[in-house]
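In case you want the letters, here they are:
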Amino acid sequence: MHKKIMYIFVIPNKQQMKNSQLYKGSLNTIIMKLLEENGRMYGYEITQKVKLITAGELNITEGALYPALHKLEADGFLDVEVEKVDNRLRKYYKLTESGTKETVNRLAELEEFIRNMQNLVNPTPNPDLQF
Amino acid sequence: MDQLTHEQIIAVDKALWDIGIKFLDIRIEMTDHVATAIEGMDRSFEMNLKKYIFENKKELKKNYSQFRVNASIKAVKFLFSNIISLRFLAILISVYALVFGEYKHEGFEEASSWVFTVLFMFLPLTFMYIGYINFTQSTKLFSTAERLFPTISGVAYLMVIPLKSIVDKMEISDFIKLFYYAFVISFFIITGFTYRLLTKFYKSRYQVI
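Residues numbered from 1 in each chain as written. Chains lettered and ligands numbered in written order. Predicted model: local features only at pLDDT ≥ 70, side-chain atom pairs only at ≥ 80, totals over all residues. Heavy atoms only, no water.

## Structural notes on the environment of T144 of chain B
All names here are of chain B. Here T144 is to be found in helix α6 (residues 143-160). Sequence separation between T144 and A71 is 73 residues, and the spatial gap between their C-alpha atoms is 4.6 Å. Apart from residues no more than four positions distant in its own chain, T144 is found in contact with A71, K74, A75, L198 and Y202. Polar contacts involving the side chain of T144 include one to the side chain of Y202, which spans 2.8 Å. (Helix = DSSP H or I, 4+ residues; strand = E, 2+ residues; numbered from the N terminus. Contact = heavy atoms within 4.5 Å. Polar contact = N/O pair within 3.5 Å; in protein donor to acceptor, adjacent residues only side chain to side chain.)

Spelled out as structure tokens, the structure:
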């Protein structure tokens with residue numbers, strides 16, 4: 001009973017719902033972009049970096065981040081290095097050569113997507129198309 | 001709070017095991033994640049760990065179930081890459097030569113029985129071995145290697161079951177039947193080999209002796 005009541009308080013709030021809906025499709029690109037900029041990173045570091053860049057707006061959960069990382073690794077876009085750090089093993093991810101190329105493509109796709117969305121949401125009148 | 005001690009890291013690992021995260025490779029990664037998160041929190045280690053596990057249990061389990069699926073896919077992909085390798089071809093040719101030798105000396109019936117004997121010795125021994133490993137090293141199992149046999153067992157049975165009942169009675173050349181037998185045996189050998197390779201790879205990656 002006590003457990004049930006407690007669970008009610010951890011139901012995703014409005015902010016988390018927004019995150020899961022709008023950012024889901026771009027998660028892989030976000031990860032690849034971060035790895036491109038930072039060389040190699042570990043899971044927790046990625047979540048914190050995203051939180052920092054977006055000023056807390058975007059919170060990547062374990063349930064979303066790790067499956068994405070493992071999928072990218074399985075697809076050959078990420079390489080893994082395991083090192084002993086602070087009494088424990090830490091798994092670092094870095095882009096492979098094909099991952100670096102893929103990042104460029106995906107970023108271009110994302111930028112185009114953002115541009116199109118921008119045009120749709122906030123269209124600027126084009127004099128050539130005015131009748 | 002301070003950097004976690006070795007004993008506290010073991011406690012994190014155990015907490016993850018207790019909520020059902022069994023495979024060592026994902027537990028290592030999650031232990032680091034949880035430990036780093038806890039180090040950034042106030043209050044005592046015990047309270048932080050309880051709080052973290054309570055608040056993130058659902059996400060951790062979701063991650064684990066997705067991880068198991070990915071591990072199965074990875075295992076099948078790895079097995080497939082071994083099946084299309086020259087190594088498999090060499091195994092297949094060797095097994096075919098053995099089966100063919102038996103056929104030449106003793107005839108088809110004997111060769112067929114020989115294949116069955118090999119398979120019926122190989123399968124229970126493999127399952128006994130996996131059962132033994134699972135029992136004695138339950139906390140040191142790696143996902144992709146351990147998902148290999150459960151994932152392909154259905155396919156394996158589909159290949160073995162029709163041996164006597166269907167393939168033997170088919171109106172096709174004995175050589176094709178012998179090739180099928182050789183293929184089934186080679187498939188099991190390469191699966192065992194893949195299991196060994198995967199275990200070795202993960203042991204070396206995660207520095208497990």
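## A few points about empty space enclosed by the protein
Residue and element names in this part refer to chain B. This model, assessed by the stated rule, comprises four cavities of 30 Å³ or more. Size it by volume and the largest cavity reaches roughly 60 Å³. Counting residues per element, the ones that place at least two in the lining of the largest cavity are α5 (108-136) and α6. Sort the elements by how many residues they give to the lining of the largest cavity and α6 lands first, with five residues. (1 Å grid on protein atoms, 1.4 Å probe; cavity = no way out; pocket = protein on both sides within 12 Å on 5 of 7 lines; lining within 4 Å. Points joined across faces, edges and corners; volume = space filled by probe spheres on them.)

## Quick notes on the packing of aromatic side chains
One pair of aromatic rings is described through two measures. These are the centre distance and the angle between the planes. Residues and elements named next belong to chain B. Evaluated as defined, the whole model comprises 15 aromatic pairs over all chains. Aromatic pair F100 and Y103: ring centres 6.0 Å apart, planes at 40°, arrangement tilted. On the criterion of helical spacing, the pair formed by F100 and Y103 is a turn pair, its members being three residues apart in helix α4 (residues 86-106). F100 sits in the partly exposed class, given a relative accessible area of 26%. (Phe/Tyr/Trp six-rings, centres within 6.5 Å; stacked < 30°, edge-to-face > 60°. Buried < 20%, exposed > 50% of the residue type's maximum accessible area, 1.4 Å probe, protein only.)

## Digging into the environment of I9 of chain B
Its location among the elements puts I9 of chain B in helix α1 (residues 6-18). Of the residues examined, I9 of chain B reaches a relative accessible area of 8% and is grouped as buried. Between the alpha carbons of I9 of chain B and D32 of chain B there is a distance of 8.3 Å; along the sequence they are 23 residues apart. In this view, I9 of chain B contacts N87 and R88 of chain A together with L4, T31 and A35 of chain B; residues no more than four positions away in its chain are not counted.

## Focus: the domain arrangement of chain B
The accessible area lost on association of the parts is a frequent measure of interface size. All names here are of chain B. Domain parsing of chain B yields domain 1 (6-69) and domain 2 (70-205). Centre-to-centre separation of domain 1 and domain 2, based on C-alpha positions: 37 Å. Of the residues lining the interface, ten residues belong to domain 1; the matching set on domain 2 comes to 13 residues. The interface formed by domain 1 and domain 2 holds zero salt bridges in total. (Domains from an automatic or database assignment. Salt bridge = Lys/Arg side-chain N within 4 Å of Asp/Glu carboxyl O.)

## Some points on a nonpolar patch on the surface
Residues and elements named next belong to chain A. Residues F113, I114, M117, L120 and V121 make up a contiguous nonpolar surface patch of about 540 Å² in total accessible area. Position of M117 among the secondary structure elements: in helix α6 (residues 97-121). Look at M117 and you get partly exposed, because its relative accessible area is 37%. (Patch = residues over 30% accessible without salt bridge, like charges linked within 9 Å, V, L, I, M, F, W, Y side chains within 5 Å. Areas by Shrake-Rupley, 256 points an atom, 1.4 Å probe, with all protein chains shown as cover.)

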